[in-house]
Amino acid sequence: MIHCRCEAGGDRRVSTTSSAALKRAEAMAARMPGTAALQIAADDETGELESATILGQFGEVPDDFAESLQAA
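Below, the structure is looked at part by part.

Calculation criteria
- Residues numbered from 1 in each chain as written.
- Predicted model: local features only at pLDDT ≥ 70, side-chain atom pairs only at ≥ 80, totals over all residues.
- Heavy atoms only, no water.
- Helix = DSSP H or I, 4+ residues; strand = E, 2+ residues; numbered from the N terminus.
- Buried < 20%, exposed > 50% of the residue type's maximum accessible area, 1.4 Å probe, protein only.
- Contact = heavy atoms within 4.5 Å.
- Areas by Shrake-Rupley, 256 points an atom, 1.4 Å probe, with all protein chains shown as cover.
- Pairing = 2+ DSSP bridges.
- Core = buried A, V, L, I, M, F, W, Y, C linked by side-chain atoms within 4.5 Å.

**Here's the deal with the overall build of the protein chain**
Next, step 1: A count of helical and extended segments in the protein chain gives two helices and four strands.
Next, step 2: Ordering the α and β elements of the protein chain from the N terminus gives β-β-α-β-β-α.
Next, step 3: Buried positions account for 29% of the 72 residues belonging to the protein chain.
Next, step 4: Taking all contacts inside the protein chain whose residues are at least 6 apart in sequence as the whole, residues at least 24 apart take part in 39%.
Next, step 5: Only carbon and sulfur atoms are counted for the fraction: they give 48% of the accessible area of the protein chain, which is about 4700 Å².

**Considerations on the side chain of Thr35**
Next, step 1: Here Thr35 is to be found in strand β3 (residues 34-42).
Next, step 2: Residue class for Thr35 comes out buried when judged on its relative accessible area of 2%.

**What to know about the pairing of β3**
Next, step 1: With eight of its nine residues buried, β3 lies for the most part within the structure.
Next, step 2: Where β3 meets strand β4 (residues 49-59), nine bridges bridge the pair, whose relative direction is antiparallel. Bridging across to β4, Ala41 finds its partner in Ser51.
Next, step 3: Taking the residues between adjacent antiparallel strands as the criterion, β3 and β4 are bridged by six residues, where Gly47 takes a positive phi near 80°.

**Structural notes on the nonpolar core**
Next, step 1: Grouped together as the largest cluster of nonpolar side chains are seven residues: Ala36, Leu38, Ile40, Ala52, Val61, Phe65 and Leu69.
Next, step 2: Residue assignment for this core shows that the elements contributing at least two residues are β3 and α2 (65-71).
Next, step 3: In contact with Leu69, not counting residues within four places along its chain, are Leu38, Ala52 and Ile54.

Given below as structure tokens:
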């Protein structure tokens, strides 16, 4: 299962497509210091995270943001 979402300071919003996630993250960046649009792949049965891909980043996103995804 793949979910697309955007994150901004702990605020998470699920989107149905990667383009929708990018548009939402960009719009949220106008109100917040930084946002990122992510594509999340998870196991349908367990819900366990399989992968996370950064689709786009807007504004001030921490330098170690990508590394923190790999550690999760």
